Amino acid sequence: MSTLEKSIQLLNKLPERDIETIYTFIQFVSSQHSSETPNTEENIDEVLKNLIGSVPDNGKTPEEYKAERIQEQYGIID
């Protein structure tokens, strides 16, 4: 019998308010695990690999791209 099955059997014997308390605690523990980012450096490398080639290299600086984007969005003419 798995730990989950054993836990379900115990939960079936408890009153609803106790189950709510346990559920809240489990949510807290779960949120602590999901907020951790494992090996951030590897994630950054993966993101960079995915970005390479997605924006064509036109020789523009980031500032030029930003100015171009603002002009497109707001219609600002220099």
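Being a predicted model, the structure only gives us computed values, none of them experimental. Every residue gets a number counted from 1 within its own chain, in the order that chain's sequence is written. Two thresholds apply to this predicted model, a pLDDT of at least 70 for residue-level local features and 80 or more for giving and counting side-chain atom pairs, whereas whole-chain, interface and lining totals are computed over all residues. Excluding hydrogens and water, the side-chain values take into account all heavy atoms of the structure.

### Quick look at the overall build of the chain
Line of reasoning, step 1. A tally of helices and strands in the chain yields four helices and zero strands.
Line of reasoning, step 2. A run of DSSP states H or I qualifies as a helix once it reaches four residues; a run of E qualifies as a strand once it reaches two. Both are numbered from the N-terminal end. Moving toward the C terminus, one meets the helices and strands of the chain in the order α-α-α-α.
Line of reasoning, step 3. With a 1.4 Å probe rolled over the protein chains alone, any residue whose accessible area is under 20% of its type maximum counts as buried; one over 50% counts as exposed, and the rest are partly exposed. Here the chain holds 78 residues, and 0% of them are scored as buried.

### Side note on a nonpolar patch on the surface
Line of reasoning, step 1. A grouping of Leu14, Ile22, Phe25, Ile26, Phe28 and Val29 is seen on the molecular surface, where their side chains present a nonpolar patch of about 520 Å² in accessible area.
Line of reasoning, step 2. Summarising the element assignment, isoleucine 22 is placed in helix H2 (residues 16-35). Distance thresholds for patches are 9 Å for like charges and 5 Å for nonpolar side chains (Val, Leu, Ile, Met, Phe, Trp, Tyr), applied to residues having over 30% relative accessible area and no salt bridge. In these tables, accessible area is a Shrake-Rupley quantity obtained with a 1.4 Å probe, and a residue counts as shielded only by the protein chains included in the view. Take a side-chain nitrogen of Lys or Arg and a carboxyl oxygen of Asp or Glu: if they are within 4 Å of each other, that pair is a salt bridge.

### A look at helix H4 (residues 62-74)
Line of reasoning, step 1. An expected span of 1.5 Å times one less than the residue number is assigned to each helix. In this model H4 runs 18 Å from its N-terminal to its C-terminal C-alpha over 13 residues, within 8% of the 18 Å that 1.5 Å per residue would give.
Line of reasoning, step 2. Glycine 75 lies just past H4 and shows a positive phi near 70°.

### Observations concerning the confidence of the model for the chain
Line of reasoning, step 1. Summary of the metric used: pLDDT quantifies the predictor's per-residue confidence within the range 0 to 100. Averaged over all residues, the pLDDT of the chain equals 80, while 78% of them reach at least 70.
Line of reasoning, step 2. Across the chain, the element-wise mean pLDDT spans from 70 in helix H3 (residues 40-51) up to 92 in helix H1 (residues 3-12).

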